[in-house]
Amino acid sequence: EPLKVAAAPAAAVVAPPVVNPQSIAVLPFVNMSDDEDNEFFSDGISEELLNALVRVDGLGVASRTSSFGFKGTKLPTSDIARQLKVRYVLEGSVRKQGQAVRIIAQLIDASNDRHVWSDTYDRVLTDIFAIQAAIANAIVVALRGSLADDKGQAVVDVKVDTTNMKAYEIYLKARELFIARSDLAESVRLFEQVVQMDPNFARGWEGLAAVTSVVESWGINDRDYNAMVKPAAERALQLDPSLSMPWAALSMAEQNKQMPDWAAGLELSDKAIQADPKNATAY
(Lines give C-alpha, C1' and ligand atoms only; values in the text may rest on other atoms or scores of the structure.)
Protein backbone atom coordinates (compact mmCIF):
# COMPACT_ATOMS: atom_id res chain seq x y z
CA GLU A 1 0.00 0.00 0.00
CA PRO A 2 1.51 3.35 -0.99
CA LEU A 3 2.73 5.57 1.81
CA LYS A 4 0.23 8.29 2.67
CA VAL A 5 1.70 11.70 3.37
CA ALA A 6 -0.40 14.06 5.47
CA ALA A 7 -1.02 17.43 3.89
CA ALA A 8 0.85 20.31 5.52
CA PRO A 9 -1.43 22.43 7.70
CA ALA A 10 -2.49 25.67 6.12
CA ALA A 11 -0.53 28.65 7.35
CA ALA A 12 -2.44 30.67 9.89
CA VAL A 13 -3.62 33.96 8.52
CA VAL A 14 -2.79 36.74 10.97
CA ALA A 15 -5.11 39.67 10.56
CA PRO A 16 -3.45 43.08 10.73
CA PRO A 17 -4.20 45.00 13.90
CA VAL A 18 -7.35 47.08 13.74
CA VAL A 19 -6.32 50.72 13.85
CA ASN A 20 -8.73 53.45 14.85
CA PRO A 21 -8.71 55.87 11.88
CA GLN A 22 -8.75 58.72 14.40
CA SER A 23 -5.89 57.65 16.63
CA ILE A 24 -2.65 59.43 17.39
CA ALA A 25 0.61 59.10 19.28
CA VAL A 26 2.46 62.13 20.61
CA LEU A 27 6.17 61.41 20.48
CA PRO A 28 8.55 63.29 22.81
CA PHE A 29 9.56 66.51 21.11
CA VAL A 30 13.29 66.76 20.49
CA ASN A 31 15.19 69.26 22.63
CA MET A 32 17.06 71.53 20.23
CA SER A 33 18.24 73.92 22.95
CA ASP A 34 21.90 74.34 23.79
CA ASP A 35 21.08 73.63 27.44
CA GLU A 36 20.51 69.91 27.96
CA ASP A 37 18.47 70.71 31.07
CA ASN A 38 15.79 72.06 28.73
CA GLU A 39 14.97 68.46 27.87
CA PHE A 40 12.60 68.60 30.83
CA PHE A 41 10.89 71.49 29.08
CA SER A 42 10.56 69.74 25.71
CA ASP A 43 9.29 66.54 27.35
CA GLY A 44 6.89 68.59 29.42
CA ILE A 45 5.47 70.34 26.36
CA SER A 46 4.93 66.94 24.70
CA GLU A 47 3.12 65.77 27.83
CA GLU A 48 0.95 68.90 27.85
CA LEU A 49 -0.06 68.31 24.22
CA LEU A 50 -0.85 64.67 24.91
CA ASN A 51 -3.02 65.64 27.87
CA ALA A 52 -4.85 68.22 25.74
CA LEU A 53 -5.58 65.73 22.96
CA VAL A 54 -6.80 63.09 25.42
CA ARG A 55 -9.73 65.43 26.14
CA VAL A 56 -10.93 65.34 22.52
CA ASP A 57 -13.93 63.01 22.28
CA GLY A 58 -13.52 60.25 19.74
CA LEU A 59 -9.76 60.68 19.39
CA GLY A 60 -7.72 57.69 20.49
CA VAL A 61 -4.41 58.75 22.04
CA ALA A 62 -1.57 56.35 22.80
CA SER A 63 -0.50 56.45 26.42
CA ARG A 64 2.48 58.49 27.53
CA THR A 65 4.28 55.37 28.71
CA SER A 66 3.92 53.78 25.27
CA SER A 67 4.81 56.79 23.14
CA PHE A 68 7.66 58.02 25.36
CA GLY A 69 9.13 54.53 25.17
CA PHE A 70 10.32 55.45 21.68
CA LYS A 71 12.24 58.50 22.86
CA GLY A 72 15.61 58.69 21.16
CA THR A 73 14.97 55.76 18.83
CA LYS A 74 15.76 55.92 15.13
CA LEU A 75 12.80 53.79 14.05
CA PRO A 76 10.79 55.04 11.08
CA THR A 77 7.55 56.76 12.02
CA SER A 78 5.53 54.06 10.25
CA ASP A 79 7.12 51.36 12.43
CA ILE A 80 6.39 53.31 15.62
CA ALA A 81 2.78 53.85 14.56
CA ARG A 82 2.40 50.15 13.75
CA GLN A 83 3.69 49.14 17.18
CA LEU A 84 1.46 51.68 18.92
CA LYS A 85 -1.52 50.74 16.72
CA VAL A 86 -2.23 54.35 15.74
CA ARG A 87 -2.71 55.99 12.37
CA TYR A 88 -1.26 59.42 13.09
CA VAL A 89 1.92 60.54 14.81
CA LEU A 90 2.68 64.01 16.16
CA GLU A 91 6.36 64.81 16.39
CA GLY A 92 8.42 67.94 16.61
CA SER A 93 11.15 69.89 18.32
CA VAL A 94 11.54 72.63 20.91
CA ARG A 95 14.25 75.26 21.04
CA LYS A 96 14.27 77.56 24.04
CA GLN A 97 16.71 80.38 24.59
CA GLY A 98 15.90 82.77 27.38
CA GLN A 99 12.33 83.93 26.84
CA ALA A 100 12.33 82.97 23.14
CA VAL A 101 10.72 79.67 22.16
CA ARG A 102 10.57 77.96 18.77
CA ILE A 103 8.32 74.93 18.49
CA ILE A 104 8.10 72.95 15.26
CA ALA A 105 5.29 70.41 15.07
CA GLN A 106 4.26 68.05 12.31
CA LEU A 107 1.44 65.55 11.97
CA ILE A 108 2.16 62.43 9.93
CA ASP A 109 -0.34 59.96 8.52
CA ALA A 110 1.60 56.75 9.06
CA SER A 111 -0.72 54.73 6.83
CA ASN A 112 0.87 56.34 3.77
CA ASP A 113 3.81 58.24 5.33
CA ARG A 114 2.24 61.55 4.36
CA HIS A 115 2.72 64.88 6.10
CA VAL A 116 -0.77 66.09 6.93
CA TRP A 117 0.11 69.31 8.69
CA SER A 118 3.12 71.17 10.04
CA ASP A 119 3.83 74.58 11.48
CA THR A 120 6.54 76.57 13.21
CA TYR A 121 5.84 78.77 16.22
CA ASP A 122 8.32 81.51 17.05
CA ARG A 123 6.98 83.07 20.21
CA VAL A 124 7.92 84.28 23.65
CA LEU A 125 7.60 81.98 26.64
CA THR A 126 4.44 83.73 27.88
CA ASP A 127 2.66 82.44 24.76
CA ILE A 128 3.34 78.80 25.62
CA PHE A 129 -0.29 77.96 26.49
CA ALA A 130 -1.54 79.63 23.31
CA ILE A 131 0.95 77.56 21.29
CA GLN A 132 -0.29 74.35 22.90
CA ALA A 133 -3.90 75.27 22.10
CA ALA A 134 -2.98 76.19 18.51
CA ILE A 135 -1.21 72.88 17.90
CA ALA A 136 -3.96 70.77 19.48
CA ASN A 137 -6.72 72.55 17.56
CA ALA A 138 -4.74 72.35 14.30
CA ILE A 139 -4.60 68.58 14.76
CA VAL A 140 -8.35 68.42 15.33
CA VAL A 141 -8.85 70.44 12.14
CA ALA A 142 -6.52 68.15 10.19
CA LEU A 143 -8.35 65.04 11.38
CA ARG A 144 -11.91 66.32 11.39
CA GLY A 145 -11.96 69.55 9.42
CA SER A 146 -13.58 71.64 12.15
CA LEU A 147 -11.98 74.02 14.61
CA ALA A 148 -15.12 74.64 16.68
CA ASP A 149 -17.86 72.60 18.30
CA ASP A 150 -21.59 73.08 17.76
CA LYS A 151 -21.57 76.19 19.94
CA GLY A 152 -18.67 77.77 18.09
CA GLN A 153 -16.19 77.15 20.89
CA ALA A 154 -12.66 75.91 20.26
CA VAL A 155 -12.51 72.12 20.49
CA VAL A 156 -9.38 72.17 22.66
CA ASP A 157 -9.07 74.77 25.37
CA VAL A 158 -5.73 75.02 27.16
CA LYS A 159 -6.12 76.71 30.51
CA VAL A 160 -3.68 79.47 31.41
CA ASP A 161 -3.25 78.49 35.04
CA THR A 162 -0.12 80.49 35.80
CA THR A 163 1.45 83.64 34.46
CA ASN A 164 4.74 82.96 36.23
CA MET A 165 6.73 81.31 33.45
CA LYS A 166 9.69 80.47 35.67
CA ALA A 167 7.33 78.64 38.01
CA TYR A 168 5.85 76.84 34.99
CA GLU A 169 9.28 75.71 33.79
CA ILE A 170 10.13 74.36 37.23
CA TYR A 171 6.71 72.70 37.36
CA LEU A 172 7.41 70.81 34.13
CA LYS A 173 10.73 69.55 35.53
CA ALA A 174 9.16 68.54 38.85
CA ARG A 175 6.37 66.70 37.03
CA GLU A 176 8.77 64.83 34.76
CA LEU A 177 10.76 63.65 37.80
CA PHE A 178 7.52 62.52 39.47
CA ILE A 179 6.28 60.66 36.38
CA ALA A 180 9.64 58.92 35.94
CA ARG A 181 9.84 58.23 39.70
CA SER A 182 13.32 59.71 39.49
CA ASP A 183 14.78 61.72 42.40
CA LEU A 184 11.43 62.15 44.12
CA ALA A 185 12.93 64.22 46.94
CA GLU A 186 14.06 66.73 44.31
CA SER A 187 10.60 66.62 42.75
CA VAL A 188 9.09 67.55 46.12
CA ARG A 189 11.57 70.39 46.54
CA LEU A 190 10.81 71.74 43.09
CA PHE A 191 7.03 71.58 43.58
CA GLU A 192 7.47 73.43 46.86
CA GLN A 193 9.43 76.07 44.97
CA VAL A 194 6.66 76.28 42.35
CA VAL A 195 3.87 76.98 44.82
CA GLN A 196 6.04 79.45 46.69
CA MET A 197 6.61 81.35 43.45
CA ASP A 198 2.93 81.20 42.48
CA PRO A 199 0.63 80.26 45.39
CA ASN A 200 -2.35 80.32 43.00
CA PHE A 201 -0.96 77.71 40.60
CA ALA A 202 -3.42 74.86 41.19
CA ARG A 203 -1.47 72.23 39.27
CA GLY A 204 1.61 73.10 41.31
CA TRP A 205 -0.26 72.18 44.49
CA GLU A 206 -1.71 69.13 42.73
CA GLY A 207 1.80 67.97 41.82
CA LEU A 208 3.02 68.49 45.37
CA ALA A 209 0.11 66.42 46.70
CA ALA A 210 0.75 63.65 44.18
CA VAL A 211 4.48 63.28 44.77
CA THR A 212 4.26 63.46 48.56
CA SER A 213 1.62 60.72 48.48
CA VAL A 214 4.08 58.22 46.96
CA VAL A 215 7.52 59.37 48.05
CA GLU A 216 7.66 57.38 51.32
CA SER A 217 6.87 54.14 49.44
CA TRP A 218 10.19 54.67 47.67
CA GLY A 219 12.07 54.55 50.98
CA ILE A 220 12.48 58.31 51.41
CA ASN A 221 11.60 59.15 55.00
CA ASP A 222 13.57 62.26 55.92
CA ARG A 223 10.28 64.14 56.44
CA ASP A 224 6.67 63.31 57.22
CA TYR A 225 5.66 63.49 53.58
CA ASN A 226 2.27 61.88 54.13
CA ALA A 227 1.28 64.79 56.36
CA MET A 228 1.99 67.16 53.46
CA VAL A 229 -0.54 65.55 51.13
CA LYS A 230 -3.80 66.85 52.58
CA PRO A 231 -2.98 70.58 52.78
CA ALA A 232 -1.54 70.53 49.25
CA ALA A 233 -4.48 68.59 47.80
CA GLU A 234 -7.06 70.77 49.53
CA ARG A 235 -5.34 73.93 48.31
CA ALA A 236 -5.32 72.56 44.74
CA LEU A 237 -9.04 71.76 44.89
CA GLN A 238 -9.79 75.16 46.41
CA LEU A 239 -8.11 76.81 43.43
CA ASP A 240 -9.51 74.41 40.82
CA PRO A 241 -12.35 72.11 41.94
CA SER A 242 -12.30 70.31 38.56
CA LEU A 243 -8.94 68.64 39.23
CA SER A 244 -8.81 64.87 39.60
CA MET A 245 -5.35 64.05 40.92
CA PRO A 246 -5.74 65.71 44.34
CA TRP A 247 -8.52 63.24 45.18
CA ALA A 248 -6.25 60.35 44.14
CA ALA A 249 -3.45 61.74 46.31
CA LEU A 250 -5.82 62.01 49.28
CA SER A 251 -6.82 58.39 48.70
CA MET A 252 -3.19 57.33 48.66
CA ALA A 253 -2.51 59.29 51.85
CA GLU A 254 -5.37 57.42 53.54
CA GLN A 255 -3.94 54.09 52.39
CA ASN A 256 -0.51 55.08 53.72
CA LYS A 257 -1.80 55.43 57.27
CA GLN A 258 -0.94 52.80 59.84
CA MET A 259 -4.65 52.06 60.27
CA PRO A 260 -6.24 52.98 56.92
CA ASP A 261 -9.94 53.57 56.47
CA TRP A 262 -10.22 51.55 53.27
CA ALA A 263 -13.80 52.59 52.57
CA ALA A 264 -12.82 56.25 52.81
CA GLY A 265 -9.85 55.61 50.53
CA LEU A 266 -12.06 54.00 47.89
CA GLU A 267 -14.53 56.86 48.11
CA LEU A 268 -11.72 59.35 47.47
CA SER A 269 -10.52 57.29 44.48
CA ASP A 270 -14.08 57.30 43.13
CA LYS A 271 -14.09 61.10 43.36
CA ALA A 272 -10.83 61.22 41.38
CA ILE A 273 -12.28 59.06 38.61
CA GLN A 274 -15.57 60.97 38.58
CA ALA A 275 -13.64 64.22 38.18
CA ASP A 276 -11.69 62.80 35.23
CA PRO A 277 -12.66 59.38 33.86
CA LYS A 278 -9.55 59.50 31.64
CA ASN A 279 -7.10 59.84 34.55
CA ALA A 280 -5.34 56.48 34.35
CA THR A 281 -3.27 57.26 37.46
CA ALA A 282 -6.45 57.51 39.52
CA TYR A 283 -7.44 54.03 38.44
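In case you missed it, the structure is sitting above this.
Residues numbered from 1 in each chain as written. Predicted model: local features only at pLDDT ≥ 70, side-chain atom pairs only at ≥ 80, totals over all residues. Heavy atoms only, no water.

(A) Layout of the packing of aromatic side chains. Evaluated as defined, the whole model comprises 4 aromatic pairs. Summarising the aromatic geometry, the rings of F129 and Y168 are spaced 4.8 Å apart at their centres and angled 55° between planes, so their arrangement reads as tilted. Taken together, the positions of F129 in helix α4 (residues 128–144) and Y168 in helix α5 (residues 165–180) put the pair 39 residues apart, joining distant regions of the chain. The burial state of F129 is the same as that of Y168; both residues are buried. Ring plane angle 55° and centroid distance 5.1 Å describe the contact between Y171 and F201, whose orientation is recorded as tilted. With a gap of 30 residues between them, Y171 in helix α5 and F201 in the loop between α6 (184–197) and α7 (202–214) connect regions that are remote in the sequence. Summarising the burial analysis for this pair, Y171 and F201 share the class buried. Each residue in the set F129, Y168, Y171, F191 and F201 is aromatic and connected to the rest through ring pairs, giving one cluster. The ring of F41 has K96 sitting right over it, with the charged end atom 5.9 Å from the ring centre. (Phe/Tyr/Trp six-rings, centres within 6.5 Å; stacked < 30°, edge-to-face > 60°. Helix = DSSP H or I, 4+ residues; strand = E, 2+ residues; numbered from the N terminus. Buried < 20%, exposed > 50% of the residue type's maximum accessible area, 1.4 Å probe, protein only. Lys NZ or Arg CZ within 6 Å of the ring centre and 35° of its normal.)

(B) Quick peek at the packing of helix α1 (residues 39–54) against α5. In the contact formed by α1 and α5, the axes pass within 9 Å of each other and the chain directions differ by 80°. Taken as axis vectors, α1 and α5 run roughly perpendicular relative to one another. Here α1 contributes F40, F41, D43, G44, I45, E47, E48 and N51 to the contact with α5, which in turn contributes Y168, E169, L172, K173, R175, E176, L177 and I179. (Axes fitted to C-alpha atoms, helices over the stretch in contact; angles between N-to-C directions. Parallel < 35°, antiparallel > 145°, perpendicular 65-115°, else oblique. Contact = heavy atoms within 4.5 Å.)

(C) Examining the nonpolar core more closely. Ranked by internal contacts, the top residues of the largest apolar core, which has 74 residues, are L90, I103, W117, I128, I135, I139 and Y168. Considering every element that reaches this core, the biggest residue donor is α4, with 10 residues. One finds I80, L84, V86 and A110 within the second-largest nonpolar core, a separate group that totals 10 residues. (Core = buried A, V, L, I, M, F, W, Y, C linked by side-chain atoms within 4.5 Å.)

(D) Focus on the side chain of Q132. Within the fold, Q132 resides in helix α4. Take Q132: its relative accessible area is 3%, and that puts it in the buried class. One polar contact links Q132 to Y168, side chain to side chain, over a distance of 3.0 Å. In this structure, Q132 is in contact with I45, E48, L49, V158 and Y168, ignoring residues within four places of it in sequence. (Polar contact = N/O pair within 3.5 Å; in protein donor to acceptor, adjacent residues only side chain to side chain.)

(E) A look at the pairing of strand β6 (residues 114–124). Pairing of strand β5 (residues 100–109) with β6 involves 10 bridges; the strand directions are antiparallel. Bridge pairing links I108 to H115 in β6. Between the antiparallel neighbours β5 and β6 lie 4 residues, among them D113 with a positive phi of about 55°. (Pairing = 2+ DSSP bridges.)

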